[in-house]
Amino acid sequence: YTNLNTLSLHDALPISPYIIAGKEPIRYAGINIIGLRRKGFSNEQIDQIHNAYRLIYGEGTREENIQKIKETLPMTKEIQHIIEFVQASSRGIIK
């Protein structure tokens, strides 16, 4: 955990939905499995979210990786939410 008072939030990149961010500098640390289970997400939904982030953080450009998601994963509301979030971020997302 990081004390938010020490961060320059002006420079921080957006944190994507369904993930855990940590370390310093802040970065992607995996999906929030515990939080997703508490909210009633099925194992299949969690696996799809995990697979989407594997593709997002894989090799290729943001656009190429989003296209891979569209081609390989079912377009659930969670996957659509992730795609819309990533596309709407003009500065990118945490790595």
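Residues numbered from 1 in each chain as written. Predicted model: local features only at pLDDT ≥ 70, side-chain atom pairs only at ≥ 80, totals over all residues. Heavy atoms only, no water.

Trainee: What is the right way to read the pairing of strand β2 (residues 27-31) from this model?
Mentor: Bridging between strand β1 (residues 19-22) and β2 involves 3 bridges; their strand directions are antiparallel. Each bridged residue has a counterpart across the sheet, and for Gly 22 the counterpart in β2 is Arg 27. (Pairing = 2+ DSSP bridges. Helix = DSSP H or I, 4+ residues; strand = E, 2+ residues; numbered from the N terminus.)

Trainee: Got a minute to help me understand the packing of aromatic side chains in this structure?
Mentor: One pair of aromatic rings is described through two measures. These are the centre distance and the angle between the planes. In total, this model carries 4 aromatic pairs according to the counting rule given. In this structure an aromatic cluster arises from ring pairing among Tyr 28, Tyr 53 and Tyr 57. (Phe/Tyr/Trp six-rings, centres within 6.5 Å; stacked < 30°, edge-to-face > 60°.)

Trainee: Explain the packing of helix α2 (residues 43-56) against helix α4 (residues 77-88) to me, please; I cannot follow it from the model alone.
Mentor: Packing of α2 against α4 brings their axes to within 10 Å, and their N-to-C directions diverge by 25°. With respect to α4, the axis of α2 lies roughly parallel. The two elements α2 and α4 cross, and the hand of that crossing is right-handed. Judged by residue contacts, Gln 45, Gln 48, Ile 49, Ala 52, Tyr 53 and Ile 56 of α2 engage Glu 78, Ile 79, Ile 82 and Val 86 from α4. (Axes fitted to C-alpha atoms, helices over the stretch in contact; angles between N-to-C directions. Parallel < 35°, antiparallel > 145°, perpendicular 65-115°, else oblique. Left-handed = near helix turned anticlockwise from the far one by under 90°. Contact = heavy atoms within 4.5 Å.)

Trainee: So what exactly am I meant to see when it comes to the environment of Pro 25 here?
Mentor: Here Pro 25 lies in the loop between β1 and β2. Expressed as a C-alpha distance, the spacing of Pro 25 and Ile 94, which sit 69 residues apart in the sequence, is 9.5 Å.

Trainee: In this structure, what is going on with the nonpolar core? I would like to understand it.
Mentor: Most often, soluble globular proteins keep nonpolar side chains buried together rather than apart. Core analysis: the largest hydrophobic core is formed by 18 residues, its most contacted members being Ile 49, Tyr 53, Ile 56, Ile 69, Ile 79 and Ile 82. Secondary structure elements with two or more residues in this core: α2, α3 (62-72) and α4. Broken down by element, the residue count for this core peaks at 5 residues, all from α2. Those residues in contact with Tyr 53 that lie beyond four places of it in its chain are Ser 16, Pro 17, Ile 19, Tyr 28, Ile 31 and Ile 82. (Core = buried A, V, L, I, M, F, W, Y, C linked by side-chain atoms within 4.5 Å. Buried < 20%, exposed > 50% of the residue type's maximum accessible area, 1.4 Å probe, protein only.)

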